[in-house]
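Here is what each chain is made of, one letter per residue.
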Amino acid sequence: MKKILMFVMEGCPYCANARSYMQELFDEHPEYRDLDIEIIDEVQHPDIADRYDYYYVPTYYLDGKKFHEGAATREMVADLFQKAYEG
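Residues numbered from 1 in each chain as written. Predicted model: local features only at pLDDT ≥ 70, side-chain atom pairs only at ≥ 80, totals over all residues. Heavy atoms only, no water.

Caption draft 1: Molecular detail of the state of the cysteines. Evaluation of the coordinates by the stated rule reveals zero disulfides. With no disulfide of its own, Cys15 lies closest to Cys12 among cysteine sulfurs, the gap being 3.0 Å. Overall, the relative accessible area of 2% leaves Cys15 in the buried class. (Disulfide = S-S within 2.5 Å. Buried < 20%, exposed > 50% of the residue type's maximum accessible area, 1.4 Å probe, protein only.)

So this is what it looks like as structure tokens:
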């Protein structure tokens, strides 16, 4: 499995939507609960966020490479999870 890194910001409606899609996918595919996902709030951890090149949240990195930036769709999150799971 590949690691997923997600940058979010509290109060961001797009981040809330992305988290909702993630939860739906966890419920539908219990195997995704084993994915290595680190969620970082960019306001609480600017020292970490500043090391990455992105402008909008949510932003996902897969195995160290930017996968998606900005408003996410359920399909995009499903694709991310599948790629991470397959390794």
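Alright, that's what it looks like, and here's the rest.
Caption draft 2: Focus on the pairing of strand E4 (residues 65-69). Here strand E3 (residues 59-62) runs beside E4; their pairing, made up of four bridges, is antiparallel. Across the sheet, Tyr60 pairs through a bridge with His68, a residue of E4. (Pairing = 2+ DSSP bridges. Helix = DSSP H or I, 4+ residues; strand = E, 2+ residues; numbered from the N terminus.)

Caption draft 3: Spatial organisation of the sheet that holds strand E2 (residues 37-41). On the basis of which strands lie adjacent, the open sheet formed by four strands has the order E2-E1-E3-E4 and mixed pairing. One side of each edge strand has no neighbouring strand; the edge strands of this open sheet are E2 and E4. Looking at each pair of strands side by side, their axes are set apart by 20 degrees on average, direction ignored. Along the sheet, helix H1 (residues 13-28) contacts strand E1 (4-8), E2 and E3; its crossing angle with E1, the most-contacted strand, is approximately 145 degrees. (Axes fitted to C-alpha atoms, helices over the stretch in contact; angles between N-to-C directions. Contact = heavy atoms within 4.5 Å.)

Caption draft 4: Structural context of the pattern of salt bridges. Counting across every chain of the model gives six salt bridges. The residue Glu24 makes a salt bridge to Arg74 at a minimum N-O spacing of 2.8 Å. Pair noted here: Glu24 is in helix H1 and Arg74 is in helix H3 (residues 74-86), with a separation of 50 residues, a long-range link. Take Arg74: its relative accessible area is 24%, and that puts it in the partly exposed class. (Salt bridge = Lys/Arg side-chain N within 4 Å of Asp/Glu carboxyl O.)

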